[in-house]
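Close look at the chain arrangement
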Amino acid sequence: MPYIHYQFSSRGSGTAIVHLTGVESDVVLFDRRNYDLFRQGASPSYRAGGHYTSSPARLPFASGGEWHIVIIPGWGGQVTAQVELV
């Protein structure tokens, strides 16, 4: 399954704002452990996100650490994304 991946580190809480252009998409925020599970095809838990039909997607994170945003385009379409951390 093709997807877009963004990785970032944070020293505290904040919000990742994902600006989407293209088709509706699933946008989710994983910690490191759950991103590894996602890559292995296992059943990960995401910290924030869901299916977005409009932009932007706002993904709050409650603590510092390594974070991974995964954007999965809707069926048969393409999407581009830009991530802003606030």
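For clarity, every value in this text was computed on a predicted model and none was experimentally measured.

Any two side chains of opposite charge can pair, given that their charged atoms come close. Summed over the entire model, instances satisfying the criterion amount to 4 salt bridges. D31 serves as the salt-bridge partner of R47, at 2.4 Å between the closest nitrogen and oxygen. With R47 in the loop between α1 (32-39) and β4 (48-52) and D31 in strand β3 (residues 25-31), the pair connects residues that are 16 residues apart, well separated along the chain. On the basis of relative accessibility, which here comes to 15%, the residue D31 falls in the buried class. We note a salt bridge from R32 to E66, for which the minimum N-O separation is 3.0 Å. Separated by 34 residues along the polypeptide, R32 in helix α1 and E66 in strand β6 (residues 65-73) bring together distant segments of the chain. Residues joined by salt bridges that share partners form a network here, namely R32, D36, R39 and E66.

Cis geometry marks the peptide bond from S55 to P56; its omega dihedral reads 5°. Looking at where P56 falls in the secondary structure, it is placed in the loop between β4 and β5 (57-61).

Definitions and limits used
- Residues numbered from 1 in each chain as written.
- Predicted model: local features only at pLDDT ≥ 70, side-chain atom pairs only at ≥ 80, totals over all residues.
- Heavy atoms only, no water.
- Salt bridge = Lys/Arg side-chain N within 4 Å of Asp/Glu carboxyl O.
- Helix = DSSP H or I, 4+ residues; strand = E, 2+ residues; numbered from the N terminus.
- Buried < 20%, exposed > 50% of the residue type's maximum accessible area, 1.4 Å probe, protein only.

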